[in-house]
Amino acid sequence: MAERKVRVRFAPSPTGALHIGGVRTALYNYLFARQHGGELVFRIEDTDSHRFVPGAEEYIIESFKWLGIKFDEGVSFGGNYGPYRQSERRDIYKKYVKQLLDNGKAYYAFDTPEELNAKREAVSNFQYDAHTRMEMRNSLALPKEEVEKLLADGAQYTVRFKIEPGEEVHVNDMIRGDVCIKSDILDDKVLYKSADELPTYHLANIVDDHLMEITHVIRGEEWLPSAPLHVLLYKAFGWEDTMPRFAHLPLLLKPEGKGKLSKRDGDRLGFPVFPLEWHDPKTEEVSSGYRESGYFPEAVVNFLALLGWNPGTEQELFSLDELVQAFDISKCSKSGAKYDYKKGIWFNHEYILRKSDEEIAQLFAPIVANNGVDASMEQVTAVVHMMKDRVDFVKELWPLCSFFFIAPTEYDEKTVKKRWKEYSAQQMTELAEVIEGIDDFSVEGQETVVMKWVEEKGYKLGDVMNAFRLTLVGIGKGPGMFDITAFLGKEETLKRLRRAIEVLH
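I will try to describe carefully the structure that is included in this document. Keep in mind the model is a prediction, meaning the values are calculated, not measured. (Residues numbered from 1 in each chain as written. Predicted model: local features only at pLDDT ≥ 70, side-chain atom pairs only at ≥ 80, totals over all residues. Heavy atoms only, no water.)

Of the pockets and cavities examined, the second largest pocket occupies roughly 370 Å³. Residue lining of the second largest pocket: 18 residues in total, with Asp111, Pro113, Leu116, Tyr157 and Thr158 positioned closest to the centre. Going through the elements one at a time, α4 (113-122), β5 (158-161) and β8 (190-193) are the ones with two or more residues in the lining of the second largest pocket. Here the lining of the second largest pocket gets 3 residues from one element, more than from any other, and that element is α4. Here the residues of the lining of the second largest pocket are counted per class, giving 9 nonpolar, 4 polar and 5 charged. (1 Å grid on protein atoms, 1.4 Å probe; cavity = no way out; pocket = protein on both sides within 12 Å on 5 of 7 lines; lining within 4 Å. Points joined across faces, edges and corners; volume = space filled by probe spheres on them. Helix = DSSP H or I, 4+ residues; strand = E, 2+ residues; numbered from the N terminus. Nonpolar A, V, L, I, M, F, W, Y, C, P; charged D, E, K, R; others polar.)

Structure follows, in structure tokens:
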């Protein structure tokens, strides 16, 4: 049989914001597709109409646009295998439901929700399967005439898959190897509901994957229990030759390691679990997003790629292209990955360092302007150059750097107590005179003159520099003193120095 072109899919349900675990699943599908010269399909699984949330689909598409994860076809991208929204494929599914019924692989079930609940209460751990199905109201247990009459009268029904007991079902998983399940533990899953004329996830998925020629199904570990059923469905349709290879990814765990990562963990520890900010249309609750929190998309992608996959080297910083080259799905972990959100912050810091001063300045300039400062791009870039290694997010620059643009109007009490000595006013007055006489106001030009003066006077360098910093910055922080003065210029340096002497003497 000729080697089929790799085709993978990401198929979220539009039931709310896209969880970061879903983003990682899509990323791994993207990396796998690109590595094998294949295609990534974007499908929307909206067969559960009760859980549909307006705006969710657009949110998901916008998230991937921001992250730089590109789809080749699907909802909003076009393609030859559409429609790509399951709710628009009703008639397609009906044909395959009929095929299973005609071939005796599925049956009609007329049990009402009340009857099923009564059975579950009466029998502990009740399972609708080969051992119990003949006690229920379905087309296997009821006389043919009664079944025909129920259907003719428009009685509501479901279609259940008929699972034969005593079979060993093998799932060939690219991460976990051969997973073998006995069919006896599986129940006769509902595949179709007449109430809304829509299939359940299980049937829709199999039919779509087959018709869309999906070759590999890469999804979260939570779908592993469904895999044997999906294998049996492929066999029931006679599609063994085109059955995709499965890969079930490790769960994303809470930062502490126990249990699945949830939005509550993010709320509790102050980190986002969604790519973009999400406004819930039902509860009106606003949840934070990575984009709005100031993360770079490349940092988020890099961080997520290494949660549950290891390149086998010491390398941690990867561009998307480098990830495509390095990715090997068989190197994914079988056990869950702790969501180390602090590592996500570390990645963002590293990406700030990797980006040019000009790039960061473009992002910082609007913040400077919003604080009422009219600064040139040259000035903003110079400040970024001095300070970007001190922050994890661009938004953190302003509190650290505002003194470059706005002279202090008050002086930090603790710093004054510690750094402003009884002789500081005298020393600063002398320093002002020294600065007045400097012609070359470059970092080197100033440093030579000031250091010579400190030495000649026999002053303690620490005393002079700490007091000097306080006069210009208002607190004991910031880069090298001559970097600050070179940026401020002689006139502004002297103005700040003299004002501080007046206030603090």
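A few words now on the packing of aromatic side chains. Evaluation of the coordinates by the stated rule reveals 31 aromatic pairs. Plain terms: the ring middles of phenylalanine 10 and phenylalanine 64 are 5.5 Å apart, the flat faces sit at 80° to each other, and that makes the pair edge-to-face. Taken as a pair, phenylalanine 10 in strand β1 (residues 7-10) and phenylalanine 64 in helix α2 (residues 56-67) lie far apart in primary sequence, 54 residues in all. Here phenylalanine 10 matches phenylalanine 64 in class, with each residue buried. Here the aromatic rings of phenylalanine 42 and phenylalanine 71 are separated by 4.9 Å at their centres, their planes lie at 50°, and the arrangement is tilted. Of the two residues, phenylalanine 42 is situated in strand β2 (residues 39-42) and phenylalanine 71 in the loop between α2 and β3 (73-74); the sequence distance between them amounts to 29 residues. (Phe/Tyr/Trp six-rings, centres within 6.5 Å; stacked < 30°, edge-to-face > 60°. Buried < 20%, exposed > 50% of the residue type's maximum accessible area, 1.4 Å probe, protein only.)

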